[in-house]
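Topology and contacts: notes
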Number of protein chains: 2
Amino acid sequence: MKNKGILIVVSGFSGAGKGTLMKKLVQEYDNYALSVSATTRAPRDGEEDGREYFFLSKEDFERKIEQNGLIEYACYCGNYYGTPRDYVEKQLDAGRDVILEIEIQGALKVRKQFPTSLLLFVMPPSVQELKRRLTGRGTETAEVIEKRMVRAAEEAEGIEEYDYIVVNDDLETCVRELHEIIVAAHNTPYRNEEFIEKIREELEVLSKGEK
Amino acid sequence: MKNKGILIVVSGFSGAGKGTLMKKLVQEYDNYALSVSATTRAPRDGEEDGREYFFLSKEDFERKIEQNGLIEYACYCGNYYGTPRDYVEKQLDAGRDVILEIEIQGALKVRKQFPTSLLLFVMPPSVQELKRRLTGRGTETAEVIEKRMVRAAEEAEGIEEYDYIVVNDDLETCVRELHEIIVAAHNTPYRNEEFIEKIREELEVLSKGEK
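Residues numbered from 1 in each chain as written. Chains lettered and ligands numbered in written order. Predicted model: local features only at pLDDT ≥ 70, side-chain atom pairs only at ≥ 80, totals over all residues. Heavy atoms only, no water.

**Details of helix H5 (residues 127-136) of chain A**
Residue and element names in this part refer to chain A.
- Within the sequence span of H5, burial applies to Val127, Glu129, Leu130, Arg133 and Leu134. Looking straight down H5, one finds that the buried residues subtend no more than 160 degrees of arc, so they occupy a single side. Seen from the open side of H5, the exposed residues pointing more than 90 degrees away from its buried face are Gln128, Arg132 and Gly136.
- Capping the start of H5 is the job of one residue whose side-chain oxygen sits 3.1 Å from the backbone nitrogen of Glu129: Ser126. (Buried < 20%, exposed > 50% of the residue type's maximum accessible area, 1.4 Å probe, protein only. Helix = DSSP H or I, 4+ residues; strand = E, 2+ residues; numbered from the N terminus. Arc of directions from axis to C-beta. Polar contact = N/O pair within 3.5 Å; in protein donor to acceptor, adjacent residues only side chain to side chain.)

Here's what the structure looks like:
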């Protein structure tokens, strides 16, 4: 029973620890490919083209949109962000599970185009812990933290759209859980249509032959 | 994140190895409870009441039906077979995952009453292997084997009703896969409504407090 890779969409509140989780997941297991987004915003210090983002000009980004070169895209604060189609499709065809980290609107757009995609939502163990993590970074102003809490409340409304939730309490445990959920997802009937069809045809032949 | 047990329904072709799988699963992991069916057929040599089946008289069985004491039941070859409700509900409330081994009609009846139940279908790696296993037992006549192959072809039509399929090629691997699928299933949003609601309420309070 061998099938194509699964397109995995990971969302979750800011502060839930998605970035660290994804990095660790890709490090520990070798069946994953991490999709890199494209953006028109300027690179920050230390960011590398093709690692954090593919940094594109507005013209190049809009050309990609026209050519259907993005699976999904959105505009935030005057900048485009999107998922290049090429990389994702190549990796899926090679049987690797591709991970995208995007928010719910993007996640739902991906599901429409890839009905067998797997939507995962990362949650903090509690809201107290979420607030502690956001405050603990020490890099954000009180105003930014407030905004994120409000944004989290909005995002929480969409959780039922996701296939699975994972609670990021202990990093190691959560990475293992994520991996096991993805492994299990390969076993749904709609991700194994070819195998099921083959068994059916063989049964058909044999049970007719036997009569 | 703690939730109630999951009601797990296991179906699959005769010869796919369900019985051995279930026994092994319950032996290796301690979160499972195996449901024992009730029947009106006579015990065979070596069968014990409460182990293979609960052996009931026709009158007792029909009283159970009237009292809504069975989750599902069916009549085969003039004998009743059914799943006692008591045991299943007690174990689920105690947080244990309960395993039923029944065929598709029963599985769909269970799903109606327990919308969060998990339906698993065990498949052989190939039809050749299925036939080899049925023949290899040496206990069945050619006619019985033929009937089972025909029955398998019928059962194969319902596979898409199941949440997951597992291929029983190597016993150890298949038991581990089953376990991982069940563990993953505990993480669906609809099996964690209380936890999600709690997070939502806390976020609501905090994001209002912050404004």
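Once the structure has been displayed, the description carries forward.
**Points about the sheet that holds strand E7 (residues 97-101) of chain B**
Residue and element names in this part refer to chain B.
- Read from one edge of the open sheet, five strands run E2-E7-E1-E8-E9, paired in parallel fashion. Lying at the two open borders of the sheet, with one neighbouring strand each, are strand E2 (32-34) and strand E9 (164-167). Going across the sheet, the axis of each strand differs from the next one's by a mean of 30 degrees, ignoring polarity. (Pairing = 2+ DSSP bridges. Axes fitted to C-alpha atoms, helices over the stretch in contact; angles between N-to-C directions.)

**Some words on the packing of helix H1 (residues 18-28) of chain B against helix H7 (residues 171-185) of chain B**
Residues and elements named next belong to chain B.
- Here H1 crosses H7 at 65 degrees, and the two axes come no closer than 10 Å. Looking at the two axes, H1 sits roughly perpendicular to H7. Regarding H1 and H7, the two cross each other, and that crossing is right-handed. Where H1 approaches H7, its residues Thr20, Leu21, Met22, Lys24, Leu25 and Glu28 are matched on the opposing element by Leu171, Glu172, Cys174, Val175, Leu178, His179 and Ile182.
- Across the contact of H1 with H7, the residue classes break down as eight nonpolar, two polar and three charged. (Parallel < 35°, antiparallel > 145°, perpendicular 65-115°, else oblique. Left-handed = near helix turned anticlockwise from the far one by under 90°. Contact = heavy atoms within 4.5 Å. Nonpolar A, V, L, I, M, F, W, Y, C, P; charged D, E, K, R; others polar.)

**With respect to the pattern of salt bridges**
- Counting across every chain of the model gives 34 salt bridges over all chains.
- Ionic pairing is found between B:Arg85 and B:Glu89, a salt bridge with its closest N-O pair at 3.4 Å. Here B:Arg85 pairs with B:Glu89, and both are found in helix H3 (residues 85-93), just four residues apart, close to one helical turn.
- Judged by relative accessible area, B:Arg85 falls into the buried class, the value being 13%.
- Overall, the relative accessible area of 32% leaves B:Glu89 in the partly exposed class.
- The structure contains a network of salt bridges with shared partners spanning A:Lys24, A:Glu28 and A:Glu172. (Salt bridge = Lys/Arg side-chain N within 4 Å of Asp/Glu carboxyl O.)

**Comments concerning unusual backbone geometry**
Residue and element names in this part refer to chain B.
- Within the chain, Asn68 stands out as a residue other than glycine whose phi angle is a positive 60 degrees.
- Among the structural elements, Asn68 can be located in the loop between helix H2 (58-66) and strand E5 (70-76).
- By relative accessible area, Asn68 is classed as partly exposed at 48%.
- One non-glycine residue, Cys77, lies in the positive phi region at around 50 degrees.
- If you trace the backbone, Cys77 turns up in the loop between E5 and strand E6 (79-84).

**Remarks on the environment of B:Arg148**
Residues and elements named next belong to chain B.
- Examined against the element boundaries, Arg148 turns out to sit in helix H6 (residues 142-156).
- Overall, the relative accessible area of 25% leaves Arg148 in the partly exposed class.
- For the pair Arg148 and Gln91, spaced 57 residues apart in sequence, the C-alpha separation works out to 33 Å.

**Details of the sheet that holds strand E9 (residues 164-167) of chain A**
Residues and elements named next belong to chain A.
- One open sheet holds the five strands; their spatial order is E2-E7-E1-E8-E9, and the pairing between them is parallel. In the strand order of this sheet, the two ends are held by strand E2 (32-34) and E9, each with one partner. On average, each strand axis in the sheet is tilted by 30 degrees relative to the strand beside it, whichever way the strands run.
- Pairing of strand E8 (residues 118-123) with E9 involves four bridges; the strand directions are parallel. Paired with Met123 across the strands is Val167, a residue of E9.
- Across the sheet, helix H3 (residues 85-93) touches strand E1 (7-12), E2 and strand E7 (97-101), and the angle it forms with E7 is around 150 degrees.

**A look at the nonpolar core**
- Among the nonpolar cores identified, the biggest contains 110 residues, and A:Leu203 and B:Leu203 are the most heavily contacted of them.
- When sequence neighbours within four positions are dropped, the list of residues in contact with A:Leu203 reads B:Phe13, B:Val127, B:Leu130, B:Met149, B:Ala152, B:Ala153 and B:Ala156. (Core = buried A, V, L, I, M, F, W, Y, C linked by side-chain atoms within 4.5 Å.)

**Brief notes about the environment of A:Asp49**
All names here are of chain A.
- One can find Asp49 in the loop between strand E3 (38-39) and strand E4 (54-55).
- Here Asp49 falls in the exposed class, since its relative accessible area comes to 53%.
- Sequence separation between Asp49 and Ala94 is 45 residues; the distance between their C-alpha atoms is 24 Å.
- Every residue in contact with Asp49, bar those within four places of it in the chain, is listed here: Phe54 and Phe55.
- Only 2.7 Å separates the side chain of Asp49 from the backbone nitrogen of Phe55, close enough to count as a polar contact.

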